There are 4 protein chains.
Amino acid sequence: MAVIDFVAQFRAHVGGDAGQWVHWGATSQDIVDTALVLQLRDALAMIADRIDQVIGALAVLADAHRGTVMAARTRYQQALPTTFGLKCAGWLLPLVRCRKRLAELRPRLLVVQFGGAAGTLAALGDDGVTVMEGPAAELDLGCPPLPWHTQRDGIVELGSWLSLVTGSLGKLGQDAVLLAQTEVGEIDESAGGGRGGSSTMPQKANPVTGEALVAAARLNATLLGGLHQAQIQEHERGGVGWQMEWATLPTMVVTAGAGLSKAAALLERLSVSASRMRDNLGAADGLILAEAATFALSVHMPRPDAQALVKCAARSVMGEGGHLVDALRARTSAAVDWQRLRDPASYLGSCDALIDRALAAAKPDPLAS
Amino acid sequence: MAVIDFVAQFRAHVGGDAGQWVHWGATSQDIVDTALVLQLRDALAMIADRIDQVIGALAVLADAHRGTVMAARTRYQQALPTTFGLKCAGWLLPLVRCRKRLAELRPRLLVVQFGGAAGTLAALGDDGVTVMEGPAAELDLGCPPLPWHTQRDGIVELGSWLSLVTGSLGKLGQDAVLLAQTEVGEIDESAGGGRGGSSTMPQKANPVTGEALVAAARLNATLLGGLHQAQIQEHERGGVGWQMEWATLPTMVVTAGAGLSKAAALLERLSVSASRMRDNLGAADGLILAEAATFALSVHMPRPDAQALVKCAARSVMGEGGHLVDALRARTSAAVDWQRLRDPASYLGSCDALIDRALAAAKPDPLAS
Amino acid sequence: MAVIDFVAQFRAHVGGDAGQWVHWGATSQDIVDTALVLQLRDALAMIADRIDQVIGALAVLADAHRGTVMAARTRYQQALPTTFGLKCAGWLLPLVRCRKRLAELRPRLLVVQFGGAAGTLAALGDDGVTVMEGPAAELDLGCPPLPWHTQRDGIVELGSWLSLVTGSLGKLGQDAVLLAQTEVGEIDESAGGGRGGSSTMPQKANPVTGEALVAAARLNATLLGGLHQAQIQEHERGGVGWQMEWATLPTMVVTAGAGLSKAAALLERLSVSASRMRDNLGAADGLILAEAATFALSVHMPRPDAQALVKCAARSVMGEGGHLVDALRARTSAAVDWQRLRDPASYLGSCDALIDRALAAAKPDPLAS
Amino acid sequence: MAVIDFVAQFRAHVGGDAGQWVHWGATSQDIVDTALVLQLRDALAMIADRIDQVIGALAVLADAHRGTVMAARTRYQQALPTTFGLKCAGWLLPLVRCRKRLAELRPRLLVVQFGGAAGTLAALGDDGVTVMEGPAAELDLGCPPLPWHTQRDGIVELGSWLSLVTGSLGKLGQDAVLLAQTEVGEIDESAGGGRGGSSTMPQKANPVTGEALVAAARLNATLLGGLHQAQIQEHERGGVGWQMEWATLPTMVVTAGAGLSKAAALLERLSVSASRMRDNLGAADGLILAEAATFALSVHMPRPDAQALVKCAARSVMGEGGHLVDALRARTSAAVDWQRLRDPASYLGSCDALIDRALAAAKPDPLAS
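The text that follows walks through the structure, step by step, so that each part is easy to find.

Procedures and definitions
- Residues numbered from 1 in each chain as written.
- Chains lettered and ligands numbered in written order.
- Predicted model: local features only at pLDDT ≥ 70, side-chain atom pairs only at ≥ 80, totals over all residues.
- Heavy atoms only, no water.
- Helix = DSSP H or I, 4+ residues; strand = E, 2+ residues; numbered from the N terminus.
- Rg over C-alpha atoms; globule rule 2.2 N^0.38 Å.
- Lys, Arg positive; Asp, Glu negative; His and termini not counted.
- Charge placed at Lys NZ, Arg CZ, Asp CG, Glu CD.
- Core = buried A, V, L, I, M, F, W, Y, C linked by side-chain atoms within 4.5 Å.
- Buried < 20%, exposed > 50% of the residue type's maximum accessible area, 1.4 Å probe, protein only.
- Contact = heavy atoms within 4.5 Å.
- Phe/Tyr/Trp six-rings, centres within 6.5 Å; stacked < 30°, edge-to-face > 60°.
- Least-squares fit on C-alpha atoms with pLDDT ≥ 70 in both.
- Polar contact = N/O pair within 3.5 Å; in protein donor to acceptor, adjacent residues only side chain to side chain.
- Pairing = 2+ DSSP bridges.
- Salt bridge = Lys/Arg side-chain N within 4 Å of Asp/Glu carboxyl O.

## Observations concerning the overall build of chain A
- Of regular secondary structure, chain A possesses 14 helices and four strands.
- For chain A, whose C-alpha radius of gyration is 28 Å, the value lies well above the compact-globule estimate of 21 Å for 369 residues.
- Each principal axis of the C-alpha distribution contributes one length, and for chain A these read about 100 × 55 × 35 Å.
- Taking the average location of the 32 positive side-chain charges in chain A and that of its 37 negative ones, the two points are 11 Å from each other.

## Description of the nonpolar core
- Among the nonpolar cores identified, the biggest contains 461 residues, and Trp161(A), Trp161(B), Trp161(C) and Trp161(D) are the most heavily contacted of them.
- Other than its neighbours up to four places away in sequence, Trp161(D) contacts Leu44(D), Ile47(D), Ile51(D), Cys98(D), Arg101(D), Leu102(D) and Leu105(D).

## Points about the packing of aromatic side chains
- Within the structure shown, the criterion is met by 20 aromatic pairs over all chains.
- Plain terms: the ring middles of Phe295(C) and Trp24(D) are 4.6 Å apart, the flat faces sit at 70° to each other, and that makes the pair edge-to-face. Linking Phe295(C) in helix α10 (residues 290-298) with Trp24(D) in the loop between α2 (16-19) and α3 (28-64), this pair reaches from one chain into another.
- When its relative accessible area of 7% is taken as the criterion, Phe295(C) is described as buried.
- According to the relative accessible area criterion, Trp24(D) is buried, its value standing at 15%.
- Among the aromatic side chains, those forming a connected cluster through ring pairs are Trp21(A), Trp24(A) and Phe295(B).

## Focus on the relation of the copies chain A and chain B
- For these two chains of identical sequence, chain A goes onto chain B by a turn of 180° and a shift of 0.0 Å along the axis, with RMSD 0.0 Å. The relationship between the two copies is best expressed as a two-fold rotation axis. Relative to the rotation axis, the C-alpha of Gly225(A) is the closest in chain A, positioned 2.4 Å from it.
- Same-surface contact between copies: 100% of interface residues of chain A are shared with the interface of chain B.

## Digging into the environment of Thr166(B)
Residues and elements named next belong to chain B.
- Considering the arrangement of structural elements, one finds Thr166 in helix α6 (residues 153-179).
- C-alpha separation for the pair Thr166 and Val272, spaced 106 residues apart in sequence, amounts to 23 Å.
- The residues contacting Thr166, other than those within four sequence positions of it, are Leu213, Ala216, Ala217, Asn220, Thr255 and Ala256.
- Among the polar contacts made by the side chain of Thr166, one reaches the side chain of Asn220 at a distance of 3.2 Å.

## Here's the deal with the pairing of strand β1 (residues 69-74) of chain D
- Of all six residues making up β1(D), six are buried, and the element is well covered by its neighbours.
- Taken together, β1(D) and the strand that follows it, strand β2 (residues 77-83) of chain D, pair antiparallel across an intervening segment of two residues, in which Arg75(D) is found at a positive phi of about 50°.

## Some points on the pattern of salt bridges
- In this structure the tally under the stated criterion is 79 salt bridges over all chains.
- Its salt-bridge partner being Arg75(C), residue Glu211(A) comes within 2.6 Å of it at the nearest N-O pair. With one member in each of two chains, Glu211(A) in helix α7 (residues 208-229) and Arg75(C) in the loop between β1 (69-74) and β2 (77-83) form a pair that bridges those chains.
- Residue classification places Glu211(A) among the buried residues on the basis of a relative accessible area of 0%.
- In this structure Arg75(C) comes out as buried when scored by relative accessible area, which is 19%.
- Here Arg66(C) and Asp352(C) are joined by a salt bridge, their closest N and O atoms 3.4 Å apart.

See the structure below:
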């Protein structure tokens, strides 16, 4: 392995009597694992910055689109009105929680590995722990209770976190892709940057970044399964688990880092069509107001009656066309504020208050850094 | 779904005018998710107790076996002497860290879900957030910034944690299985409880619990990959992701809980053969002392010379038999304390100090509960 | 294990001198594995029938909808015209290939397991192989070259096949879900069967079966990873791998069987809206004809010029509205058959011929049964 | 994408009027997928050769070690005698079956992809299928019923096969690692090639190749889960699934190819210690003969009595030492051929006949190529 050659060259470089003390009591894995931790510390600093960047971009969008009314969709069907601002707030919070989780796992992960050939610090007599504290302090890493060469829960925990980050972005990406469909057209990630690459189909605006975020999430979820398998190491060192880490973790780190960059770029150039959102809301002939109508009518009649009335009116609209509010007015003399009911923006519930809560949670946590 | 029927019955039970306010503004998923959280709270209390139990058992073993010298094995090969106490300390620490992680994730997970049909609390006008605080307080759950019906990072984080727990036990189980092999025979999990179930092979002591722990770890690692895929929910509710949770999370919880019970039982009835451990150490004709010899000789000669000498002596032993110490004495006049070198127990480095560190870390954290 | 008790009872039932010959030379796993194979044979017969049923339903739809023009969509964007018939033909062929694969794997899977405690048929002296042929013939199973108790490739191959089946259905389900979106509305799986279960949102037609097919595919893909891990069995029997099979394979079989039933039901009650398909095609203001226009113009001018012209016209339509054909006519005097170009049905290429090829491939293969 | 630039350069290279016909009616994915198939054809030829090589090496070992008696181990415990030849035969057969599977899947996989932008061959009028037959013939690939750009079952099936190959090798690797343990020492993969790389522990013979085979199996099993997820493509092309293929399939191909090379190398330099195998058999004081004794005694007494007698004798040996045969002789006057019973080689059942069956199955199948 590379460490053996490195040690030989380093020892020659040091030379003389001192040279023989190079690598005294350490094993190759001590060097590789500690180097990995140092690399991860740098990578996590970059990733944390990018998370902050995406959080910042989403916070701006959430605030700016408080009044951008659109259809909430459950199980691929228009359900109720919501706002694009609340949607952004929804994308935001898992990343806020991931920021907190990162602060929690860092002290477990960023520790030196130093145990010698079998984790006993055998070659250092009684001085093992004291010697271990040296590189820890030198490298500004924590000093773990025990060498962790075969107890890889810190590494595996990091993998889980990386997949949680890409999963959060994957949900954002999936939504972005669905909103960019030709028939929906509520957002466009390609605005300003050319519309896809098809020479014969210039009308297309391929949601390439949204798809990349979903693929990143699915890839990391896949690799995470393998990384967790790698926790089962044999005795005081197992070659299988270690190789499984090499084959999964680096890709997971890169995928998370790249995913965050892509998400930031997507949000920066995102074109949001408030008019298309409003048109789509109306496209269903007021049917999306069915729940609003039910609750509005429930003030004037027992709720089961209100539900039955709305169901009847909705069926009429689905069968013969027209607008739900008109179909209701023709069926009841209840003193409902029909004008207000007709406006989806009047049935947004706590959208605004929820956005405020999300923005408050998104503020940097002074304890988390 | 069950919730619809439940609500209908509950409404009828309440009756009268009050009945129509039952489930007002809530959606089925609000009930199911909040119920899930309540179930998880109970399950996690049980799991936490079992973790403490396993930690306790391992701490006792780590302390009791400080002096039980055995072979450390790297890549399935005897490497250096270690102690069974240190091995137990190694199994112990990931669980200690998992206890800490549980304390950290609990406030993220144990929150009420209440958002109505699309997460806007639409039917509650301006009172949505205030109403949400009601069941949270009533149920002693946290009140999240936003409904989390499509932001499942809390659930997925729990899955990762469960797999981290079973992975930690899987490493213990794998070691136990390997140590119980006929040719190793250093531990026996079946002592006192009958030796396996074979009627024609009474000599067998199948390590059924150790194998079960490995299987639990591999199963949860597998299911975790699917649970992370489930984070990609569409819009304001996706049926695919939710079904994927149902197909993975309950099994993961049960597997972790059962794994901990099995581990506790394994440790309780574990028979440790200190004599077999010592015999196995010697079985290699002192070859396991090669590193000890190298460092002992390095005091008297340059380290490369010491390494070459040990290599030469080891080859002789591997080819022609004999004991490494004798082969060395025949090759050098260095004033090594041969008697001390011959004793594996004199090359245990920091085993004891490391066990102390592990036991200190294992003490219950008053902040973690 | 259950086998031990079963053997004891069966032996008592047989009684007398003959009783002692019961289970002579067999081991529990022989019984369990052979029983598994018998169960799988029955399950596969059911699954094969259901595959034929789905193939049949898709063949009918493919033929019936040769003329149902709709938008082909690449990367979630309308691309070119196609037909719903070709879409059904696409869903059809993987199942046809799965039928063939099943015929190929059956002789490898449907074999007796009989090896005794370690796969040597030790207790049967020289008669082992002859005795093995007995139950094979009796049960109408193949007689494998060797006992396969630790060589599980036949089982794992079956798991791969099951996931290939559910994956094929998952693609169908994903398409069905996307086509059923409120804004697309080209198919409706809920027609005739009530529209979802929401009491307050009667307008919704939740694509519950489509989602279930996607979930089935993702679940089996997840479990398959674990089943392949189980192929690594230790020595002449490993408990871990065997337990991993138990935790994955039964669910995979049930999921495939249920998925096929659901797919058959989905196709049976599927409502296809040819008018909505045609409307959606036109919704893009003729932009979906961009490629058709390019090739039509390429007859009259160099292809790069044609591409540039179409791109320019498409941009005009996207910016200022209008129809692509009009925008082109305003920009060229080429003698294109504009009337024909305006009709998406005139740019269907080989849709019909491809459907014929698919239907020919779907005919039952007399060699496959 | 690279295809766009390639087409532009190729078109310029062709030049003139002919240039505009370059790529006429094809889409980038047609080129990429067909190129993938050509690469896979080459890779599979190499992989098939290596499978033959490993099969050949195992056949030689199976035949050569018919008489090399060793312990069969179930659940990590010595169970019965077997031969190393039968063990090799066991490793052999899954690869023989994989060879057959490869022959079966090849015609499904090795087909041209040609469908144009949406799989309708739109730009080629009525000539689409005829044109598709051209490159198929030219490239000596099959011509599929339909373009398969979004029906990826052929690719996914290949992935399953690759993981089946590495899984078969992983079982071999796991066994090799276990047999090479210090305390077992029955095989040594490092003979002749230097013993591991540890400078301070020259006694170690790290089973690096065996571990690499297990890691290869676990990695491919992991990636396979992701590849099966990729089967769920949206509509007429989905970016997510395609990217998931890129992130998994190439590694799987390389891992399978490398695994086979490693396995061939392992088998070539494998040192088998028949004496250590025999010693380990005896190490258990004849306990491994318990089943043999039971059946030998069953000729002279009812089988339950024989079982009870052997159990009693075995307990005595486990508690107080001695050899099982002596303990039995002291407890019965039955006229058992004690001399014969004492020899593990007399209780090998059908080992030889089974090896013959495996070798017959391993002969090249003239129909399979």
